[in-house]
Amino acid sequence: MIDLQVNGYAGVDFNSDDLTLEQVEHACEILRQDGVKGILATIITADHDAMCQRLANIVKIREQSALATQMIIGLHIEGPFLSPVPGYIGAHPAEHACPANLDLTKKFLEAGNGLTRLFTLAPEQDINGEITSWLNDQKILVAAGHCNPSLDQLKASIDAGLKLFTHLGNGCPMQMHRHDNIIQRALSFSDRLIICFIADGAHVPLFALKNYLRCVGIEHSIVVSDTISAAGLGPGTYHLADQTVVIEEDLVPWAEDRSHFVGSACPLKNMVVNLKSIGLTALEIDCLVRHNPRKILGL
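Residues numbered from 1 in each chain as written. Predicted model: local features only at pLDDT ≥ 70, side-chain atom pairs only at ≥ 80, totals over all residues. Heavy atoms only, no water.

Draft legend 1. Molecular detail of the overall build of the chain. Of the regular secondary structure elements, the chain holds 10 helices and 13 strands. For the chain, the C-alpha radius of gyration of 17 Å lies close to 19 Å, the compact-globule estimate for 299 residues. Reported as C-alpha extents along the three principal axes, the dimensions of the chain are approximately 45 × 45 × 40 Å. Scored against the burial criterion, the 299 residues of the chain give a buried share of 59%. The long-range fraction of contacts in the chain, counting pairs at least 24 apart against all pairs at least 6 apart in sequence, stands at 71%. Only carbon and sulfur atoms are counted for the fraction: they give 51% of the accessible area of the chain, which is about 12,300 Å². In the chain, the 22 positive side-chain charges and the 34 negative ones have mean positions that sit 9 Å from each other. (Helix = DSSP H or I, 4+ residues; strand = E, 2+ residues; numbered from the N terminus. Rg over C-alpha atoms; globule rule 2.2 N^0.38 Å. Buried < 20%, exposed > 50% of the residue type's maximum accessible area, 1.4 Å probe, protein only. Contact = heavy atoms within 4.5 Å. Areas by Shrake-Rupley, 256 points an atom, 1.4 Å probe, with all protein chains shown as cover. Lys, Arg positive; Asp, Glu negative; His and termini not counted. Charge placed at Lys NZ, Arg CZ, Asp CG, Glu CD.)

Written out as structure tokens, the structure reads:
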């Protein structure tokens, strides 16, 4: 399987300032044992210099390990050009969210040393689609996420080169307009976007996921794990970057105040079981976790 969104795994946080070679190799080994062949290591919104340092650290560690080189097939930068509005910002620290700008984008890509494959931003933070268009020209995939663009803004972003939508149904408030909301807007363009879903049953209830997949179509959908360091482990206290995450018996990562989820603790192999439970065939599941991610990455 190929996973486009992995913040951490098996007790290892890819967003840690103290990430080590041994930790990365441990996470990669457990991922491989769990049936994952390649990942995009995901760096989320933080102090911008810290983000650059974390990207550079993963690049450096990857160069020292054949296993990490094999498993980390690229980087996913999620933020900081996201909506700072409560609900839409999700687990990302709002104080570090900002409008898209080219200088900072170039700093991130330089830190990623050619490994950046996917960049998630909010279309309404990218005026006139300038950064989306520039990233598209650099052959870097751009996804919308943690956002609330108008229908026109989303269309303009797609016209500028937007290709994906990051974890639809998440990164948005619990209560929105019943019709004119970001989920419906994204679904209306599902013929032009690849829509990603977290199939842990918590971020999107499985009955709703079944509806979304029917609407979007298997060929335009990808399942991602969005795992953090708690993935594959039991209840406890874990970390994602500068945040403390609490996992209780439900195995769902919550912020300390239980106001929102913080990534997922559900391995991709468990999501496959969930997909079987809603009636998907082996071929359909293969498309969601193997074929479609490979296709969008050009593998």
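On we go.
Draft legend 2. Quick peek at helix α4 (residues 102–112). For α4, every residue scored as buried is listed here: Leu104, Thr105, Phe108, Leu109, Ala111 and Gly112. One face of α4 carries all of its buried residues, which in axial projection span an arc of 160 degrees. For α4, the exposed residues lying more than 90 degrees away from the buried face are Asp103 and Glu110. Contact partners of the buried residues in α4: α2 (48–63), β5 (72–78), β6 (116–121) and α5 (130–137). In this structure Asn101 caps α4, since a side-chain oxygen of it lies 3.3 Å from the backbone nitrogen of Asp103. Remark: Asn113 follows α4 within two positions and exhibits a positive phi of approximately 50 degrees. (Arc of directions from axis to C-beta. Polar contact = N/O pair within 3.5 Å; in protein donor to acceptor, adjacent residues only side chain to side chain.)

Draft legend 3. Representation of the pairing of strand β4 (residues 38–44) within the structure. In terms of burial, β4 is a largely internal element, seven of the seven residues being buried. By the alternation rule, side chains of β4 split into Gly38, Leu40, Thr42 and Ile44 and Ile39, Ala41 and Ile43, which are all buried. Strand direction decides the pairing type here: strand β1 (residues 2–6) and β4, joined by three bridges, are parallel. Paired with Asp3 across the strands is Ile39, a residue of β4. (Pairing = 2+ DSSP bridges.)

Draft legend 4. Inspection of the pattern of salt bridges at higher detail. Evaluation of the coordinates by the stated rule reveals nine salt bridges. Taking the shortest distance from any N to any O, the salt bridge between Lys269 and Asp34 comes out at 3.0 Å. Placement of the pair is Lys269 in helix α9 (residues 268–277) and Asp34 in the loop between α1 (21–33) and β4, with a sequence separation of 235 residues. A relative accessible area of 13% means that Asp34 is categorised as buried. Ionic contacts of the salt-bridge type, sharing partners, join the residues Asp17, Arg54 and Asp242 into one network. (Salt bridge = Lys/Arg side-chain N within 4 Å of Asp/Glu carboxyl O.)

Draft legend 5. Structural view of the sheet that holds strand β12 (residues 243–247). The three strands lie next to each other as β11-β12-β13, forming an open sheet whose pairing is antiparallel. In this open sheet, the two strands that pair with only one neighbour each are β11 (236–240) and β13 (253–255). Sheet twist, expressed as the average angle between the axes of neighbouring strands with direction ignored, equals 40 degrees. (Axes fitted to C-alpha atoms, helices over the stretch in contact; angles between N-to-C directions.)

Draft legend 6. Fine view of unusual backbone geometry. A cis amide bond links Gly79 to the next residue, Pro80, at an omega of 5 degrees. One can find Pro80 in the loop between β5 and α4. A positive phi angle, close to 65 degrees, is found at Lys139, a residue other than glycine. The residue Lys139 is located in the loop between α5 and β7 (141–144) in this model. Notably, His167 is not glycine yet its phi reads approximately 30 degrees, a positive angle. Classification of His167 as buried rests on a relative accessible area of 3%.

Draft legend 7. Quick peek at the packing of aromatic side chains. Summed over all chains, the structure comprises four aromatic pairs. Consider the rings of Phe81 and Phe119, whose centres lie 5.7 Å apart with planes at 15 degrees: the pair is stacked. Linking Phe81 in the loop between β5 and α4 with Phe119 in strand β6, this pair joins segments that are 38 residues apart in sequence. Judged by its relative accessible area of 0%, Phe81 falls in the buried class. Through successive ring pairs, a cluster of aromatic residues spans Phe81, Phe108 and Phe119. (Phe/Tyr/Trp six-rings, centres within 6.5 Å; stacked < 30°, edge-to-face > 60°.)

Draft legend 8. Spotlight on the sheet that holds β7. The parallel open sheet is built from eight strands, whose spatial order is β1-β4-β5-β6-β7-β8-β9-β10. Strand pairing shows two members of the sheet lacking a second neighbour, β1 and β10 (221–224), which therefore form its edges. Where α2 meets the sheet, it contacts β4 and β5, and its direction lies at approximately 175 degrees from that of β5. In the packing of α9 onto the sheet, the strands contacted are β1, β9 (194–198) and β10, and the crossing angle to β10 comes to about 130 degrees.

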